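Listed below, chain by chain, are the residues.
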Amino acid sequence: MEPEPKDVIILSAISRGAKKFDKIEKMTKIFGQELNDMMERLEKNGFITVIEKKGFFGPKKDIVLTEKGQRELEERKFELQKNWNQMVTMWKSGDKQKLQQYMDNNKSFLPTMMFLGIMDIIMFSTMLSFMGMAMSSYIPESQIPAGADTATDTGDTGDAGSDVGDGGGFDIDIGF
C-alpha cells in the first residue's frame, strides 16, 4: 500500500511519541473526522495498533506503530530524502523550469518533507526565491514553521526608494 502524504505525517507523529488522538491532532494539525478516518485506514492496513493498558483512572489506550508501520515509515523517509536530494541537484544546476515542474508534480509531498525534517527550510526558501515564488505556493500556511520566510525575494533592500547614502542613518556633524 502506498500511504498518502498525511498518512506518513501521522505515522511519524506516532513514532515521535504521540500516543493519544489529541496529541496526534496537535502535532500533525490534522483534526477531527479526517484524522479519525486516516487512523482507521492505517489500523486496517496494519500500520498502527491500539494497545489497552490499565491506568490509575481506568483503561488507557495508546496508539503505537506496528513493525509493518515502522518499516513503511522508514521506506517513505528514504524516498522523500531522495526526492529532496533531486530538488537540491536541480536547484544547484540552475534549471528553474525543471525544478518548478518537479515541485509542481510532487507538491503533495512537500509538507511531509517539512514535517519529517527532511527539507532544509532555509534552502527551500532560497529555491523558491530563485524561482520568484512564495513558500505558501507549495506548503499550507498551517504547516509553515513560525519564523520561516514565506515571501518572495523582491530585491527590495528596505530603504523605501531613497538614494544611496541617504538610508536614514545618523548624520553627525562634528564641527570641522
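Rules and cut-offs
Residues numbered from 1 in each chain as written. Predicted model: local features only at pLDDT ≥ 70, side-chain atom pairs only at ≥ 80, totals over all residues. Heavy atoms only, no water. Helix = DSSP H or I, 4+ residues; strand = E, 2+ residues; numbered from the N terminus. Buried < 20%, exposed > 50% of the residue type's maximum accessible area, 1.4 Å probe, protein only. Areas by Shrake-Rupley, 256 points an atom, 1.4 Å probe, with all protein chains shown as cover. Axes fitted to C-alpha atoms, helices over the stretch in contact; angles between N-to-C directions. Parallel < 35°, antiparallel > 145°, perpendicular 65-115°, else oblique. Left-handed = near helix turned anticlockwise from the far one by under 90°. Contact = heavy atoms within 4.5 Å. Nonpolar A, V, L, I, M, F, W, Y, C, P; charged D, E, K, R; others polar. Pairing = 2+ DSSP bridges. Phe/Tyr/Trp six-rings, centres within 6.5 Å; stacked < 30°, edge-to-face > 60°. Lys NZ or Arg CZ within 6 Å of the ring centre and 35° of its normal.

Peer 1: Would you mind showing me how to read the overall build of the protein here?
Peer 2: From N to C terminus, the protein includes seven helices and two strands. Listed by position from the N terminus, the elements making up the protein come as α-α-α-β-β-α-α-α-α. A burial count over the protein gives 35% of its 176 residues as buried. Counting only carbon and sulfur atoms, one obtains 51% of the accessible surface of the protein, whose full area is about 11100 Å².

Peer 1: Would you mind going over the packing of helix H5 (residues 96–105) against helix H7 (residues 121–131) with me for this structure?
Peer 2: Two quantities define a packed helix pair, namely the angle between the axes and the distance from one axis to the other. Between H5 and H7, whose axes approach to 10 Å, the crossing angle comes to 120°. When the interaxial angle is binned, H5 and H7 end up oblique. Every pair of crossing elements has a handedness; the one defined by H5 and H7 is left-handed. Contacts from Lys96, Leu99, Gln100 and Met103 in H5 reach Phe124, Met127, Leu128, Phe130 and Met131 in H7. Looking at side-chain class alone, the contact of H5 with H7 contains seven nonpolar, one polar and one charged residues.

Peer 1: Would you take a moment to explain the environment of Ser15 for this structure?
Peer 2: On the secondary structure map, Ser15 appears in helix H1 (residues 5–15). Accessibility expressed as a relative area gives 36% for Ser15, which makes it partly exposed. Separated by 48 residues in sequence, Ser15 and Ile63 have C-alpha atoms that sit 9.8 Å apart. The residues touching Ser15, leaving out its near neighbours within four places in the chain, are Leu65, Gln70 and Leu73.

Peer 1: Explain the pairing of strand E2 (residues 58–65) here, please?
Peer 2: Regular strands have side chains that alternate between both faces of the sheet. As paired elements, strand E1 (residues 48–55) and E2 share eight bridges and run antiparallel to each other. Each bridged residue has a counterpart across the sheet, and for Lys54 the counterpart in E2 is Pro59. What sits between E1 and E2 in their antiparallel hairpin is a turn of two residues.

Peer 1: When you look at the environment of Val50 in this model, what are you seeing that I'm missing?
Peer 2: Structurally, the position occupied by Val50 is in strand E1. Residue Val50 is classed as partly exposed on the basis of its relative accessible area, which comes to 39%. Separated by 31 residues in sequence, Val50 and Lys19 have C-alpha atoms that sit 9.1 Å apart. Non-local contacts of Val50, meaning those with residues more than four positions away in its chain, are made with Glu43, Lys61, Asp62 and Ile63.

Peer 1: Sorry, what's going on with the packing of aromatic side chains here?
Peer 2: To describe a pair of aromatic rings, one takes the distance between the centres and the angle between the planes. Summed over all chains, the structure comprises one aromatic pair. Ring plane angle 85° and centroid distance 4.9 Å describe the contact between Phe56 and Phe57, whose orientation is recorded as edge-to-face. Judged by its relative accessible area of 78%, Phe56 falls in the exposed class. Note that Arg16 overlies the ring of Phe115, its terminal NZ or CZ placed 4.7 Å from the centroid. Stacked on the ring of Phe130, the Lys or Arg Lys96 has its end atom at 5.3 Å from the ring centre.

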